[in-house]
Amino acid sequence: IESLKDLTQELGVEDKVTFEGYIDSEDIVEFLTTGSIGVIPHEPNEHWENTIPNKTFDYMCAGLPVVATRTPPLENLLSEIGCGKTFSASQQPVDVRNCILDIIDGESERFARNGQEAIREEYNWETECKHLVDFLYSIDG
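Everything numeric here is computed off the predicted structure, so don't read it as measured data. (Residues numbered from 1 in each chain as written. Predicted model: local features only at pLDDT ≥ 70, side-chain atom pairs only at ≥ 80, totals over all residues. Heavy atoms only, no water.)

Caption draft 1: Helix α4 (residues 72–81), seen in detail. Every buried residue of α4 is listed here: P73, L74, L77, L78 and I81. Taken around the axis of α4, the buried residues stretch over an arc of 115 degrees, which confines them to a single face. Structural note: α4 exposes N76, S79 and E80 on the side pointing more than 90 degrees away from its buried face. At its buried positions, α4 is contacted by α3 (54–61), β2 (66–69), β3 (84–87) and α5 (93–121). (Buried < 20%, exposed > 50% of the residue type's maximum accessible area, 1.4 Å probe, protein only. Helix = DSSP H or I, 4+ residues; strand = E, 2+ residues; numbered from the N terminus. Arc of directions from axis to C-beta. Contact = heavy atoms within 4.5 Å.)

Caption draft 2: Layout of the pairing of β2. By the bridge criterion, 3 bridges tie strand β1 (residues 38–40) to β2 in an arrangement that is parallel. Residue pairing for β2: V39 is matched across the bridge by V67. After leaving β1, the chain enters α3 and then returns to the sheet as β2, a path that is right-handed. What joins β2 to β3 is α4, and the crossover it makes is right-handed. (Pairing = 2+ DSSP bridges. Right-handed = clockwise from strand over helix to strand, strands pointing away.)

Caption draft 3: Looking closely at the sheet that holds β1. The strand order across the open sheet formed by 3 strands is β1-β2-β3, and the pairing between neighbours is parallel. Each having just a single partner strand, β1 and β3 make up the two edges of the open sheet. If you compare each strand with its neighbour and ignore which way they point, the axes differ by 15 degrees on average. The strands touched by α3 are β1 and β2; relative to β1, the strand with the most contacts, the crossing angle is about 170 degrees. In this fold α4 packs onto β2 and β3, with an angle of close to 150 degrees to the strand it touches most, β3. (Axes fitted to C-alpha atoms, helices over the stretch in contact; angles between N-to-C directions.)

Caption draft 4: Geometry of helix α1 (residues 2–11). With 1 of its 10 residues buried, α1 lies for the most part at the surface. Following α1 by one or two positions, G12 has its phi on the positive side, about 75 degrees.

Caption draft 5: Structural context of the packing of α3 against α5. One can describe the packing of α3 onto α5 by two numbers: an axis separation of 7 Å at closest approach and a directional angle of 110 degrees. One way to sum up the angle between α3 and α5 is to call them roughly perpendicular. Along the contact surface, α3 presents F57, M60 and C61, while α5 presents G115, Q116, A118 and I119. Partitioning the contact of α3 with α5 into residue classes produces 5 nonpolar, 2 polar and no charged. (Parallel < 35°, antiparallel > 145°, perpendicular 65-115°, else oblique. Nonpolar A, V, L, I, M, F, W, Y, C, P; charged D, E, K, R; others polar.)

Caption draft 6: Molecular detail of the packing of α3 against α4. Packing of α3 against α4 leaves a shortest axis separation of 12 Å and a crossing angle of 20 degrees. Viewed along their axes, α3 and α4 adopt a mutual orientation that is roughly parallel. Crossing handedness for the pair α3 and α4: right-handed. Facing α3, whose interface residues are T56, F57 and M60, α4 presents L74, L77, L78 and I81. When grouped by side-chain class, the residues that make up the contact of α3 with α4 number 6 nonpolar, 1 polar and no charged. (Left-handed = near helix turned anticlockwise from the far one by under 90°.)

Caption draft 7: How the structure looks around the side chain of T86. With respect to the element layout, T86 can be found in strand β3. A distance of 3.2 Å separates polar atoms of two side chains, one belonging to T86 and the other to R70. The contact partners of T86, leaving out residues within four places of it in the chain, are A68, T69, R70, L74, E75 and L78. (Polar contact = N/O pair within 3.5 Å; in protein donor to acceptor, adjacent residues only side chain to side chain.)

Caption draft 8: Just the environment of C99, in detail. Mapped onto the elements of the fold, C99 is located in helix α5. Looking at C99, the relative accessible area reads 12%, which means it is buried.

Put into structure tokens, the structure is as follows:
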């Protein structure tokens, strides 16, 4: 953390960055609602090419549009739901900034609404449990 704090000072943005530290899991969604957008700037690797980070669903639940590094699972999810955009890991920081600003300036409310609706309707424990039980009954034969 200290190296990140040093970097914010070096870049002259220390007044725009807050290091919150640990937040209890039951407080995450409430904390996230104070933000404007959820960003997932992962460095591409084999793991992220095959999974969706949990924070994606936390952002959606909190009503935050999502901006993430382009990986097949995230790109599919965000475009299917219409709750965010992806950017190429090779893009320059200014391109990522522009992607974020495009959302804030035009699509933020729609993306937020779509993400929260997807959480209510599909991406929640009640629905996932039903899918699991249905699957288990299907293999029981």
